Amino acid sequence: MNTFIQLALFFGALILLTPVLGKYIKKVIGGEKHLLTPVFGWLERLIYRFCGVDPQQEMNWKQYLFALLWFNFFGFVVVFALQMAQAWLPLNPAKVPNTSWHLALNTAISFVTNTNWQSYSGESTMSYLTQMAALGVQNFLSAATGLAVLIALMKGLIKNTKQQLGNFWVDLTRSVVYILLPLSIIFAVVLVSQGVVQTFSSYTDATTLEGVKQVIPLGPAASQIAIKQLGTNGGGFFGVNSAHPFENPTPFSNFLEMLALLLISAALTYTYGLFIGSKKQGWTLFGAMLIILCVGLGVSLYAEYAANPALHITGSMEGKETRFGIVNSIIWSTSTTVASNGSVNAMHDSLSPLAGLVAMFNIMLGEVVFGGVGSGLYGMIAFVILTVFIAGLMVGRTPEYLGKKIESFEVRMALIAVLAPAVCILAFTAIAVSTHAGLAGLNNKGPHGLSEILYAFTSACGNNGSAFAGLTTNTPFYNVLLSICMLVGRFGVIIPMMAIAGSMAGKKITPVSSGTFHTDNGMFLILLISVIIIVGGLTFFPALSLGPILEHLLMQAGMTF
Amino acid sequence: MKKSILSGLKILLVFTLLTGMVYPLMITGIAQAVFPRQSNGSIISIGQKSCGSELLGQEFKSERYFWSRPSACSYATLPSGASNWGPTSDTLRKTIEKRRASFIIANHLPLNTVVSNEMVTASGSGLDPHISPESATLQIERVTSARHFSPSQAQQLRKLVASHTEQPQFGCLGERRVNVLELNRDLDLLR
């Protein structure tokens, strides 16, 4: 009973907040007057003036992309440098040393690409300065970058034979100042009230009741956790992420953190509907996402409550926290994987095979089911273009979306966006399982070992960041390979989507006629879900059969490894 | 183009200051002013001495205390961690069997006792401060005899466990649970 109440509360809150926040975001990115204009308007104008940005000056898609890539490159350099020099810099009370070059490389790419894959544990590896000024900053900026790409794409879709897509610096600034920062402030303060730590003091010592020394790790955690959830980043302040009682102390903090990780991405579907002048289109996309999420959640819950004949246990709590129980661990594991967030409140490595499969499969779908802030929806639009194209082939008519012709260029770009991460996942997993360096880090034997490696590359390519964390990845082999995956998974999608934005902007909008294929009804919703599942399913089915599916069958037979 | 690169550098600088310095400092200021206890780790003290955090689990080995869940890192905090053993791990199967058997023996329980799941598995954080009320109840007998409690003290202990049983937050969120450190602290005060 309690399970159903918690599920209802979670989805109820998500559905109710979607139009509220969606409307607000529309006003922000449209440059209209809104709630926070009087509060932060001065800050926005000050930033433009100081940075020499003319907010009226528009960019074409190449200029927009160019600005974005440079900006992300600078971000990478800063994060890399701060890790390599943290031992000599202030705000390092725990005296952690500089990181290795390959960990710095991996972490820098990871946070710039909104992946937040972590080959390290924050409390023993990163100084407060690195956490705040490098990792915390990229939590904001990588989310804002994703949002900016989406804004440009939306503008491209509604422009009638124009080249201009707005100004990257303006979209970035507004995203941070009006959306990410205010929401983070609210969330952070509420999280502290629940017990999330927020201090610059160094770690303290306690003596346990049995007289043993226990170090209490501290730090400015709440401020970072708020944005790591809201910005679909997912990189924990502490190594065990939101399972750590200092990151997620109570069931209420857990509820808020789960909500936060889907909140903005869900709201953006509504914003999208408003932007293109049809709320129904927005709700159709929201519906497709919600259906895929709920089916996966159902399968995972069933699998987790079922008996495990191999371990002789029913409803295993391995890797889970008592205060959350199974249901909250599983709402989280499915939400964090559809949402490209990647934070965890239970260890995915210890999930039952089918729940682990759903987590992996959610990422393999391309992180388009809600997905990352901005990136989820622009990825989804790639699938929409493919669906419209396939529907066009079936009825033998030139495919159109929002009154614009979809031609071979757009289809090719959408295919690159969808397939580049997929190719990377499979190729790199193949390399890892056939080399000594790849197999060296395994924590589990049997088919679960394959799942650990497959999950790692899936997570990196999907810019998710969650892990089957038993796999030891802080090695040059994994750090470098996973870095490549994260770059492909991010920019292998951003670049083609920006190209689509540019080419769509230049097209003429033809009015709706009787021959128009509608993209806002149940028929389209089913087609869209089918295309997403078929692309995800067919591409990865063989690999999944050898990993989690085989493990499930062997577990049913009571086998262990 | 050059102008664009320069703008990028400046924007990065501005946002590093804003989101990397001003924002965490502001939250720290608010947190320390409004929630000083929570923001500093919800420390539990006995007299002047800190004996841990209400939120972080501790390892209890003595017969005289209630025991926490198994932990893959033995409640170490730098860093803490989970076992990450999978659902078909032979090591995990053996470990669960061993924990179940030793819990039953140590608590002088009938061999067919159902030990609740969290007591035979390790948590995700390695620092889970809670156990289920069922697991606390199963340990009452052992604690009573280790402390040579009289029947009336044993009765008080039962009441103590009941009063330390937290219900789901707001009546619906999360699970019923007992904070082991808080229970043990109050156990020491029992006369």
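1. Details of the overall build of chain A
Line of reasoning, step 1. Check the secondary structure of chain A and you find 18 helices and six strands.
Line of reasoning, step 2. Relative to a compact globule of 561 residues, whose C-alpha radius of gyration would be 24 Å, chain A shows 23 Å and is just as compact.
Line of reasoning, step 3. Split into buried and exposed, the 561 residues of chain A put 61% on the buried side.
Line of reasoning, step 4. Excluding contacts between residues fewer than 6 apart, the proportion of contacts in chain A whose partners are at least 24 apart in sequence is 79%.

2. Details of the interface of chain A and chain B
Line of reasoning, step 1. Counting from both sides, the interface comprises 100 residues of chain A and, opposite them, 83 residues of chain B.
Line of reasoning, step 2. No other element matches helix α7 (residues 168–194) of chain A, which puts nine residues into the side of chain A that touches chain B.
Line of reasoning, step 3. Partitioned by chemical class, the residues of the side of chain A that touches chain B number 56 nonpolar, 36 polar and eight charged.

3. Focus on the sheet that holds strand β5 (residues 177–179) of chain B
Residues and elements named next belong to chain B.
Line of reasoning, step 1. Strands sit in the order β3-β5-β4 across an open sheet of three strands; the sheet is antiparallel. Of all the strands in the sheet, the pair left with one neighbour each is β3 (130–131) and β4 (165–166).
Line of reasoning, step 2. Across the sheet, helix α6 (residues 180–189) lies against β3 and β5, angled at about 55 degrees from β5, the strand it touches most.

4. Regarding the domain arrangement of chain A
All names here are of chain A.
Line of reasoning, step 1. Assigned domains of chain A: these are domain 1 (21–261) and domain 2 (336–556).
Line of reasoning, step 2. The distance between the C-alpha centroids of domain 1 and domain 2 comes to 23 Å.
Line of reasoning, step 3. Opposite the 47 residues of domain 1 that make contact, domain 2 presents 47 residues.
Line of reasoning, step 4. Residue assignment for the side of domain 1 that touches domain 2 shows that the elements contributing at least two residues are α3 (61–85), α4 (101–112), α6 (128–158), α8 (221–230) and α9 (251–275).

5. What to know about the pairing of strand β2 (residues 213–216) of chain A
Residues and elements named next belong to chain A.
Line of reasoning, step 1. Of the two faces of β2, the one lined by Q214 and I216 is fully buried and the one lined by K213 and V215 carries no buried residue.
Line of reasoning, step 2. As paired strands, strand β1 (residues 204–207) and β2 are joined by four bridges and run antiparallel to one another. Bridge pairing in β2 links A206 to Q214.

6. Quick notes on the nonpolar core
Residue and element names in this part refer to chain A.
Line of reasoning, step 1. Membership of the largest hydrophobic core comes to 222 residues, with the highest contact counts inside it found for L153, A222 and M497.
Line of reasoning, step 2. Residue contributions to this core reach at least three from each of two domains, namely domain 1 (21–261) and domain 2 (336–556).
Line of reasoning, step 3. Contact partners of L153, with chain neighbours within four places excluded, come to Y378, I381, M497, I500 and A501.

Rules of the game
- Residues numbered from 1 in each chain as written.
- Chains lettered and ligands numbered in written order.
- Predicted model: local features only at pLDDT ≥ 70, side-chain atom pairs only at ≥ 80, totals over all residues.
- Helix = DSSP H or I, 4+ residues; strand = E, 2+ residues; numbered from the N terminus.
- Rg over C-alpha atoms; globule rule 2.2 N^0.38 Å.
- Buried ≥ 20, exposed ≤ 12 C-beta atoms within 10 Å, placed from the backbone.
- Contact = placed C-beta atoms within 7 Å.
- Nonpolar A, V, L, I, M, F, W, Y, C, P; charged D, E, K, R; others polar.
- Pairing = 2+ DSSP bridges.
- Axes fitted to C-alpha atoms, helices over the stretch in contact; angles between N-to-C directions.
- Domains from an automatic or database assignment.
- Core = buried A, V, L, I, M, F, W, Y, C linked by C-beta atoms within 7 Å.

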